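Tertiary structure, described
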Amino acid sequence: MSDNRAADTAAIQAVLVASYKAWEAGDADAMVADYTADATAIMTGSLRDSRDAIRASMALAFDGPLKDTSTHNKQLSLRFVGQDAAIVISESGILFPGQTEVPDAAKVNATWVLEKRAGQWRIAAYHNSPVQAPGN
(Lines give C-alpha, C1' and ligand atoms only; values in the text may rest on other atoms or scores of the structure.)
Protein backbone atom coordinates (compact mmCIF):
# COMPACT_ATOMS: atom_id res chain seq x y z
CA MET A 1 0.00 0.00 0.00
CA SER A 2 1.29 3.44 -0.90
CA ASP A 3 1.96 6.11 1.72
CA ASN A 4 0.85 8.75 -0.79
CA ARG A 5 -2.17 10.42 0.77
CA ALA A 6 -2.61 13.17 -1.84
CA ALA A 7 -6.21 12.18 -2.66
CA ASP A 8 -7.14 12.03 1.03
CA THR A 9 -5.43 15.37 1.67
CA ALA A 10 -7.34 16.99 -1.20
CA ALA A 11 -10.64 15.49 0.00
CA ILE A 12 -10.07 16.75 3.55
CA GLN A 13 -9.21 20.22 2.33
CA ALA A 14 -12.35 20.23 0.15
CA VAL A 15 -14.48 19.38 3.21
CA LEU A 16 -12.97 22.28 5.14
CA VAL A 17 -13.33 24.72 2.24
CA ALA A 18 -16.99 23.73 1.85
CA SER A 19 -17.54 24.48 5.54
CA TYR A 20 -15.83 27.88 5.22
CA LYS A 21 -17.93 28.76 2.16
CA ALA A 22 -21.13 27.73 3.93
CA TRP A 23 -20.18 29.99 6.86
CA GLU A 24 -19.69 32.90 4.46
CA ALA A 25 -23.13 32.19 2.98
CA GLY A 26 -24.66 32.04 6.47
CA ASP A 27 -25.95 28.54 5.67
CA ALA A 28 -25.95 26.38 8.81
CA ASP A 29 -27.31 23.32 6.97
CA ALA A 30 -24.51 23.41 4.39
CA MET A 31 -21.95 24.16 7.07
CA VAL A 32 -22.64 20.88 8.89
CA ALA A 33 -23.33 18.79 5.78
CA ASP A 34 -19.93 17.11 6.14
CA TYR A 35 -20.12 16.63 9.92
CA THR A 36 -20.75 13.20 11.40
CA ALA A 37 -24.09 12.85 13.21
CA ASP A 38 -22.20 12.44 16.49
CA ALA A 39 -19.78 15.33 15.86
CA THR A 40 -18.74 17.61 18.70
CA ALA A 41 -17.70 21.25 18.72
CA ILE A 42 -16.00 22.82 21.71
CA MET A 43 -15.42 26.54 21.90
CA THR A 44 -14.76 28.74 24.90
CA GLY A 45 -17.71 28.29 27.22
CA SER A 46 -19.67 25.85 25.07
CA LEU A 47 -20.03 22.23 24.05
CA ARG A 48 -22.19 21.22 21.11
CA ASP A 49 -22.55 17.46 21.19
CA SER A 50 -24.11 16.54 17.85
CA ARG A 51 -24.37 17.71 14.26
CA ASP A 52 -27.94 18.85 15.00
CA ALA A 53 -26.81 20.89 18.02
CA ILE A 54 -24.00 22.46 15.99
CA ARG A 55 -26.41 23.29 13.15
CA ALA A 56 -28.99 24.83 15.51
CA SER A 57 -26.37 26.93 17.26
CA MET A 58 -24.88 28.16 13.99
CA ALA A 59 -28.32 28.97 12.55
CA LEU A 60 -29.01 31.21 15.54
CA ALA A 61 -25.58 32.80 15.26
CA PHE A 62 -25.93 33.42 11.51
CA ASP A 63 -29.24 35.18 12.19
CA GLY A 64 -27.65 37.17 15.01
CA PRO A 65 -24.09 38.10 15.95
CA LEU A 66 -22.44 36.24 13.05
CA LYS A 67 -24.71 37.61 10.33
CA ASP A 68 -22.71 38.58 7.22
CA THR A 69 -19.41 37.30 8.62
CA SER A 70 -16.79 35.10 7.04
CA THR A 71 -13.75 33.32 8.38
CA HIS A 72 -10.03 33.49 7.87
CA ASN A 73 -8.38 30.07 8.02
CA LYS A 74 -4.71 29.26 7.67
CA GLN A 75 -3.89 25.56 7.78
CA LEU A 76 -0.85 24.95 9.94
CA SER A 77 -0.69 21.17 9.70
CA LEU A 78 -2.48 18.03 8.61
CA ARG A 79 -1.51 14.61 9.87
CA PHE A 80 -3.07 11.22 9.44
CA VAL A 81 -3.83 8.97 12.38
CA GLY A 82 -4.09 5.52 10.83
CA GLN A 83 -5.98 5.06 7.58
CA ASP A 84 -9.33 6.64 8.46
CA ALA A 85 -8.58 9.62 10.70
CA ALA A 86 -6.79 12.92 10.34
CA ILE A 87 -6.09 15.96 12.49
CA VAL A 88 -5.91 19.43 10.99
CA ILE A 89 -4.56 22.37 12.97
CA SER A 90 -5.39 25.85 11.75
CA GLU A 91 -5.20 29.45 12.80
CA SER A 92 -8.64 30.91 12.34
CA GLY A 93 -10.78 33.90 13.11
CA ILE A 94 -14.05 35.58 12.29
CA LEU A 95 -14.11 38.48 9.84
CA PHE A 96 -16.92 40.87 10.65
CA PRO A 97 -18.39 43.18 7.99
CA GLY A 98 -15.81 45.77 6.94
CA GLN A 99 -12.84 43.81 8.28
CA THR A 100 -10.12 42.62 5.92
CA GLU A 101 -8.08 40.81 8.56
CA VAL A 102 -8.69 39.26 11.93
CA PRO A 103 -7.20 41.22 14.84
CA ASP A 104 -4.53 39.22 16.67
CA ALA A 105 -6.61 39.24 19.86
CA ALA A 106 -9.48 37.54 18.01
CA LYS A 107 -7.48 34.71 16.43
CA VAL A 108 -7.91 31.12 17.57
CA ASN A 109 -5.99 27.91 17.15
CA ALA A 110 -8.39 25.26 15.91
CA THR A 111 -8.21 21.49 15.88
CA TRP A 112 -10.32 19.59 13.37
CA VAL A 113 -10.63 15.82 13.69
CA LEU A 114 -11.81 14.13 10.51
CA GLU A 115 -12.86 10.54 10.02
CA LYS A 116 -13.29 8.60 6.81
CA ARG A 117 -16.67 6.87 6.91
CA ALA A 118 -18.02 4.88 3.97
CA GLY A 119 -15.28 6.34 1.79
CA GLN A 120 -16.09 9.99 2.63
CA TRP A 121 -14.14 12.32 4.90
CA ARG A 122 -16.33 13.87 7.62
CA ILE A 123 -15.69 16.30 10.46
CA ALA A 124 -15.99 14.35 13.72
CA ALA A 125 -14.79 17.02 16.15
CA TYR A 126 -13.80 20.67 16.26
CA HIS A 127 -12.18 22.62 19.08
CA ASN A 128 -10.68 26.08 19.30
CA SER A 129 -8.95 28.25 21.85
CA PRO A 130 -7.57 31.77 21.71
CA VAL A 131 -4.12 32.33 20.26
CA GLN A 132 -1.96 33.76 22.98
CA ALA A 133 1.20 35.78 22.61
CA PRO A 134 4.41 33.93 23.58
CA GLY A 135 5.02 34.10 27.30
CA ASN A 136 1.36 34.61 28.23
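In case you missed it, the structure is sitting above this.
Residues numbered from 1 in each chain as written. Predicted model: local features only at pLDDT ≥ 70, side-chain atom pairs only at ≥ 80, totals over all residues. Heavy atoms only, no water.

**Overview of helix H1 (residues 6-25)**
The end-to-end C-alpha distance of H1, which contains 20 residues, comes to 28 Å, matching closely the 28 Å that a straight helix rising 1.5 Å per residue would cover. Along H1, the residues that are buried comprise Asp8, Ile12, Val15, Leu16, Ser19, Ala22 and Trp23. Along the axis of H1, the buried positions cluster into a sector of 120°, meaning they face one direction only. Across H1 from its buried face, at more than 90 degrees, point the exposed residues Ala7, Lys21, Glu24 and Ala25. Gly26 occupies a position one or two residues after H1 and carries a positive phi of about 70°. (Helix = DSSP H or I, 4+ residues; strand = E, 2+ residues; numbered from the N terminus. Expected span 1.5 Å × (residues − 1). Buried < 20%, exposed > 50% of the residue type's maximum accessible area, 1.4 Å probe, protein only. Arc of directions from axis to C-beta.)

**Notes on the sheet that holds strand E2 (residues 46-48)**
One open sheet holds the 6 strands; their spatial order is E2-E1-E6-E5-E4-E3, and the pairing between them is mixed. Of all the strands in the sheet, just E2 and strand E3 (70-80) have a single pairing partner and so form its edges. Each adjacent strand pair in this sheet contributes to an overall mean axis angle of 15°, direction not counted. For strand E4 (residues 85-95) and strand E5 (residues 108-117), the ladder comprises 8 bridges, and the chain directions are antiparallel. Opposite Val88, over in E5, you have Trp112 as the bridge partner. Those strands touched by H1 are strand E1 (35-43), E3, E4, E5 and strand E6 (120-130), and its axis lies near 160° from that of E3. Contacting E1 and E2, helix H3 (residues 51-63) crosses the sheet at an angle of about 55° to E1. (Pairing = 2+ DSSP bridges. Axes fitted to C-alpha atoms, helices over the stretch in contact; angles between N-to-C directions. Contact = heavy atoms within 4.5 Å.)

**What about the packing of aromatic side chains?**
One pass over the structure, following the stated rule, counts 4 aromatic pairs. Between Tyr20 and Trp112 the ring centres are 6.1 Å apart and the planes differ by 70°, which places this aromatic pair in the edge-to-face class. Of the two residues, Tyr20 is situated in helix H1 and Trp112 in strand E5; the sequence distance between them amounts to 92 residues. Here Trp112 falls in the buried class, since its relative accessible area comes to 5%. When the centroid spacing of 5.4 Å and the interplanar angle of 80° are considered together, the rings of Trp23 and Phe62 count as edge-to-face. Taken together, the residues span a long stretch of sequence, with Trp23 in helix H1 and Phe62 in helix H3 at a distance of 39 residues. Judged by its relative accessible area of 13%, Trp23 falls in the buried class. Among the residues examined, Phe62 registers a relative accessible area of 5% and is labelled buried. (Phe/Tyr/Trp six-rings, centres within 6.5 Å; stacked < 30°, edge-to-face > 60°.)

**Points about H3**
Spanning 13 residues, H3 covers 18 Å between terminal C-alpha atoms, matching the ideal 18 Å at 1.5 Å per step. Along H3, the positions that sit buried rather than exposed are Ile54, Ser57, Met58, Ala61 and Phe62. For H3, the buried positions fall inside an angular range of 135° around the axis, keeping them on one side. Counted as exposed and oriented over 90 degrees from the buried face of H3: Asp52, Leu60 and Asp63. Among the structural elements, H1, helix H2 (28-31), E1 and E2 are those in contact with the buried residues of H3.

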